[in-house]
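As a plain string of letters, each chain reads:
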Amino acid sequence: MKKAILFFAAAGLLMTSCQKFKKAEGGLEYKIVDDNAKEKAVSGDLLALDMVVKTDRDSTMQSTYDMGVPQIVQLYPDSIIAKNPGDPTGLFKYVGEGDSLVFKINLDSMAAKTHQPKPEFADKFIVYSIKVKKHFKKGKLTDQQLGEQVQKYFEEELNKHKAAEPAKLEKYIKDKSLKTTKTASGLQYVITKPGTGANAKVGDSIHVNYVGSLTTGKVFDTNLPDVAKKEKIFNAQRPYEALKFQLGVDGVIPGWTEAFQLFNKGTKATLVIPSSLAYGDRPSGVIPPYAPLVFEVEVLDIKPGKVPAPTATTPGMVAPTGTTAPAATAPATKAPAAKK
């Protein structure tokens, strides 16, 4: 019986993979992979999608799975779609909740339509793999009511990430056998190589090497070119040099501002930073909401500086974030905002 089940499962996968792409207007090609929804989307509806965007060289350009939150698209009326042949949002009328869709954008057709040079990061196609997670039906709802449904859905998704964060931190530290020092704010760190001299203080100019990753091990940014190439996030358009910032003045996440006051020149350390000292509930680049971050840092130099005058500050950004490829143009629109 088990062999029979395995056979039919394999046969189903084979049939899915062999499905031919259908032609659509504007150089689009598509196929429906999963077709289970009883109700398909209609004009005015919104869909929450998980989406992976790849080049035909199998290089991932964008993924909502990395971000941890889906993307919202809205179905336009056919009259609008007809004026924009090749707009992939016209394909979403074929799917509903639980369905999957794959479509390819022909770069030659796109270049001809936009009168822009054909991008060099792919040969002929950009490939979108879509999974519909939630179908919001417009029906007789007002824009405000529809927007409130979407807002509630995203709040529920964010709460799932928030609830999962403590376990992520605990598992990472346990799996890596880290003996961290934990501060009152929740910052955890391990000094792997002590430095010399006085610790950095607010106003000092800090020069550092760093590698930033998620607790999954995925590296999202570094100033080291060899690491960037190894992790396939190298960006030829950015300089790979020591990051320089004035402690307490330039925009870095709060976890960095606290941590570097604990280190002196030459220090190497591992930082485990809770999201409350990083990006919180705000996705950033490939960093999901409520994501604890891990940094391997080395203090290359500390140059004395003046303590700045007190000002109102807000959490800023870490070092420049590298990207794997030019950003894909997602077939999406923002959800309608709830009216006050």
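What comes next is a walk through the structure. Everything numeric in this text was worked out from a predicted model, so none of it was measured.

Thresholds, definitions, all that
- Residues numbered from 1 in each chain as written.
- Predicted model: local features only at pLDDT ≥ 70, side-chain atom pairs only at ≥ 80, totals over all residues.
- Heavy atoms only, no water.
- Helix = DSSP H or I, 4+ residues; strand = E, 2+ residues; numbered from the N terminus.
- Buried < 20%, exposed > 50% of the residue type's maximum accessible area, 1.4 Å probe, protein only.
- Polar contact = N/O pair within 3.5 Å; in protein donor to acceptor, adjacent residues only side chain to side chain.
- Salt bridge = Lys/Arg side-chain N within 4 Å of Asp/Glu carboxyl O.
- Phe/Tyr/Trp six-rings, centres within 6.5 Å; stacked < 30°, edge-to-face > 60°.
- Pairing = 2+ DSSP bridges.

Regarding the side chain of T215
Position of T215 relative to the elements: it lies in the loop between β11 (205-214) and β12 (219-222). Relative accessible area serves as the criterion here: at 19%, T215 is assigned to the buried category.

Comments concerning helix α4 (residues 107-114)
Regarding α4, its N-cap is N106, as a side-chain oxygen of that residue lies 2.9 Å from the backbone nitrogen of D108 further along. Looking one or two residues past α4, H115 carries a phi angle of roughly 60°, positive in sign.

Observations regarding the pattern of salt bridges
Enumeration according to the criterion identifies 18 salt bridges in this entry. Ionic pairing is found between K138 and D143, a salt bridge with its closest N-O pair at 3.9 Å. Close ionic contact of E157 with K160 constitutes a salt bridge, the shortest N to O distance being 3.2 Å. With E157 and K160 both in helix α5 (residues 143-175) and 3 residues apart, this pair spans about one turn of that helix. A residue is classified by how much of its surface remains accessible, and K160, at 55% relative accessible area, is exposed.

Quick notes on the packing of aromatic side chains
Centre-to-centre distance and the angle between the planes together describe a pair of aromatic rings. Scanning the model with the defined rule gives 14 aromatic pairs in all. Aromatic side chains F220 and F295 sit 5.8 Å apart centroid to centroid with 85° between the ring planes, which places their arrangement in the edge-to-face category. With F220 in strand β12 and F295 in strand β16 (residues 293-303), the pair connects residues that are 75 residues apart, well separated along the chain. Taking the relative accessible area as the measure of exposure, F220 reaches 3% and is therefore buried. An angle of 75° between the planes, with centres 5.7 Å apart, marks the rings of F245 and F260 as edge-to-face. Taken together, the residues F245 in strand β13 (residues 243-246) and F260 in the loop between α7 (254-259) and β14 (264-265) connect sequence positions 15 residues apart. One exposure class covers both F245 and F260, and it is buried.

Side note on the pairing of strand β6 (residues 100-106)
The buried fraction of β6 is high, at 7 of 7 residues. Residues of β6 alternate between two faces, with S100, V102, K104 and N106 on one and L101, F103 and I105 on the opposite face, all of them buried. Sheet analysis places strand β2 (residues 28-34) next to β6, joined by 6 bridges and oriented antiparallel. Paired with I32 across the two strands is L101, which belongs to β6. Both β6 and strand β7 (residues 125-136) contribute to a ladder of 7 bridges, which runs antiparallel. Across the sheet, residue S100 finds its bridge partner in β7, namely K131.

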